[in-house]
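Report on the structure
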Amino acid sequence: MNQNNQSIQNQRSLPVEENPCTVVLGVTGSIAAYKSVDLVSRLRRSGVDVQVVMTDNAARLVAPLTFLTISRNPVVDSLWNMPRWEPGHIALAEKSQLLVIAPATANIIGKLAGGIADDALSTFALAHRGPLLIAPAMNPRMWSNPTVQENCRVLRRRGARFLGPDSGSVACAGGEVTGGGRMSEPESITRAVLASLYMMEHSSGKSGGKRHVLVTAGPTYEPLDPVRFLGNRSSGRMGYALAECAVAAGHDVTLISGPAGLPPPLGARVVRVNTAREMEEAVIRQFVVSDALFMAAAVADFRPAESADRKIKKEKGCEEERVSLNLTPTVDILRSLSEIKKTSQRVVGFAAETDNLEKHALAKLRDKKLDWLAVNDVSRQDIGFDSEENEVTLFSSTGDKETIAKASKLAVASRIVAKTLKD
Ligand code: CTP
């Protein structure tokens, strides 16, 4: 087989039976512990083997039996009930790929920063050698406490990644309060964990270092009047997945998103736009400070020549008449960037095609002076637009070609990020 022409068989998910990925979920004593039951369930459904380690305080809020039932694994909640001869926390440390602590209280954050090991979870954390993800949950006054913030900085410096916290209403002993400190949603934590696992699968010890990565996603809406627009069927999922994987790979990520109803990727800065013109302005502003661009947005090629200030009314008696729309082309953002692109900047375009995939892809690669182009077949109903899965072929300006087999968009995105930012 030609070295430049490989086909990668990606897993659809991370199947527990064939290829168990073990994640340890540390649960500590915040009222948000009930949300972690949903987190376990989501991770399991994605094919992850979840081992729960709980603190005493967490076990007062949610019964260990609940986690045992949902995870289908024994729950470690003490250093002192060893089912086997080996200490449970050391045996777990041998087989776990990733530790996520959700919810993480101010107490566990302080213990991790200070190297204190006085219960099963803090002891396990010291023995753990993989990525550490922390989803804090606490009262907003505690979250903004300088000691807590200093502990977080210490942990970030050592490579820990913080997932949130979100801002919003936080349940406290004295009632509900509003501010930063609410645990991120289980869906977002699940995606961050999966993106980390996928990126770990692709890392071969070779990394291009931390970069400023710009990603665009979603459709653009071109207004016709205050209530109508021209849009397209892009869901934004591919772009959001690219942003999630780039964050998981340790990059500094800005996501410019058209109107997509998806939760923001944890750890990425999100700039929201509506129209192709707004997308163009935002991309140009960010591109000059970026090392790489993934242009996954489905930018409208045309917009109505005029957008009415008031709702266009249906004229009485015009039911039989044809109505015409005057359209005008939008700026091709990628092509305009080729004028200002520096050789050190990496630009990845995305093409949605229905026929002659390779021919159209190679023409776009040349025409827009891209480093890479990922093309997918939108004539297929099972992949691409508005679907959970994708299958793409990557072409490079230096003649590389790689087909990434059908898999979840997160799995495909992880391969694209790993391949295009390799060196
Ligand atoms: N693109 C862009 N600005 C536009 C239109 C598209 O930057 N106004 C980018 C897309 O984000 C994508 C790439 O160009 O990365 C290819 O988009 P695609 O719609 O497949 O191709 P077009 O160049 O629009 O050509 P055509 O629609 O004729 O296939």
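The text that follows walks through the structure, step by step, so that each part is easy to find. The model shown is predicted, which means the values in this text are computed figures rather than measured ones.

Some remarks on the pattern of salt bridges
Tallying each qualifying case throughout the model produces 20 salt bridges. We note a salt bridge from Asp38 to Arg42, for which the minimum N-O separation is 3.3 Å. Note that Asp38 and Arg42 are positioned in helix 1 (residues 35–45) at a spacing of four residues, about one turn of the helix. What makes Arg42 partly exposed here is its relative accessible area of 26%. A salt bridge links Asp252 to Arg269; the shortest N-O distance between them is 3.5 Å. You can see Asp252 sitting in strand 12 (residues 252–257) and its partner Arg269 sitting in strand 13 (residues 269–272), a full 17 residues away along the chain. Take Asp252: its relative accessible area is 21%, and that puts it in the partly exposed class.

Overview of the sheet that holds strand 5 (residues 132–136)
Sheet strands line up and pair through hydrogen bonds in the backbone, either parallel or antiparallel. Pairing is parallel in the open sheet, where five strands are placed in the order 3-2-4-5-6. The sheet is open, and its two edges are formed by strand 3 (48–54) and strand 6 (161–162), each paired on a single side. Pairing of strand 2 (residues 21–27) with strand 3, which is carried by seven bridges, proceeds in the parallel orientation. The residue bridging Val24 from the neighbouring strand is Gln51, located in strand 3. Its contacts with the sheet place helix 3 (residues 64–71) against strand 2 and strand 3, and it is angled at close to 170° to strand 3. In the packing of helix 9 (residues 186–202) onto the sheet, contacts are made with strand 2, strand 3, strand 4 (98–104), strand 5 and strand 6, and the angle to strand 4 comes to roughly 165°.

Structural notes on the site of the ligand
Neighbouring residues of the ligand: 16 residues in total, closest Met295, Ala297, Phe350, Lys364 and Lys368. Phe350 is positioned with one of its backbone polar atoms (N or O) 3.0 Å from an oxygen atom of the ligand. Coverage of the ligand by the protein chains reaches 76% of its 570 Å² of free accessible surface. Of all the secondary-structure elements, those providing two or more residues to the shell around the ligand are helix 12 (333–337) and strand 17 (346–353). Sort the elements by how many residues they give to the shell around the ligand and strand 17 lands first, with four residues. Taken together, the residues of the shell around the ligand sort by class into 10 nonpolar, two polar and four charged.

Brief notes about the side chain of Ser396
Of note, Ser396 is situated in strand 19 (residues 389–396). Given the relative accessible area of 5%, Ser396 is considered buried. Contacts of Ser396, omitting those with residues within four sequence positions, involve Leu365, Asp371 and Trp372.

Some thoughts on the nonpolar core
Within the largest apolar cluster, 68 residues are counted, with the highest numbers of intra-cluster contacts made by Val100, Ile189 and Ile416. Residue-level mapping places this core at the junction of two domains, with at least three residues from each of domain 1 (22–192) and domain 2 (207–307 + 326–420). Ala93, Leu121, Leu132 and Ala160 belong to the second largest nonpolar core, which has 27 residues in total.

Calculation rules
Residues numbered from 1 in each chain as written. Predicted model: local features only at pLDDT ≥ 70, side-chain atom pairs only at ≥ 80, totals over all residues. Heavy atoms only, no water. Salt bridge = Lys/Arg side-chain N within 4 Å of Asp/Glu carboxyl O. Helix = DSSP H or I, 4+ residues; strand = E, 2+ residues; numbered from the N terminus. Buried < 20%, exposed > 50% of the residue type's maximum accessible area, 1.4 Å probe, protein only. Pairing = 2+ DSSP bridges. Contact = heavy atoms within 4.5 Å. Axes fitted to C-alpha atoms, helices over the stretch in contact; angles between N-to-C directions. Near = heavy atom within 4 Å. Polar contact = N/O pair within 3.5 Å; in protein donor to acceptor, adjacent residues only side chain to side chain. Areas by Shrake-Rupley, 256 points an atom, 1.4 Å probe, with all protein chains shown as cover. Nonpolar A, V, L, I, M, F, W, Y, C, P; charged D, E, K, R; others polar. Core = buried A, V, L, I, M, F, W, Y, C linked by side-chain atoms within 4.5 Å. Domains from an automatic or database assignment.

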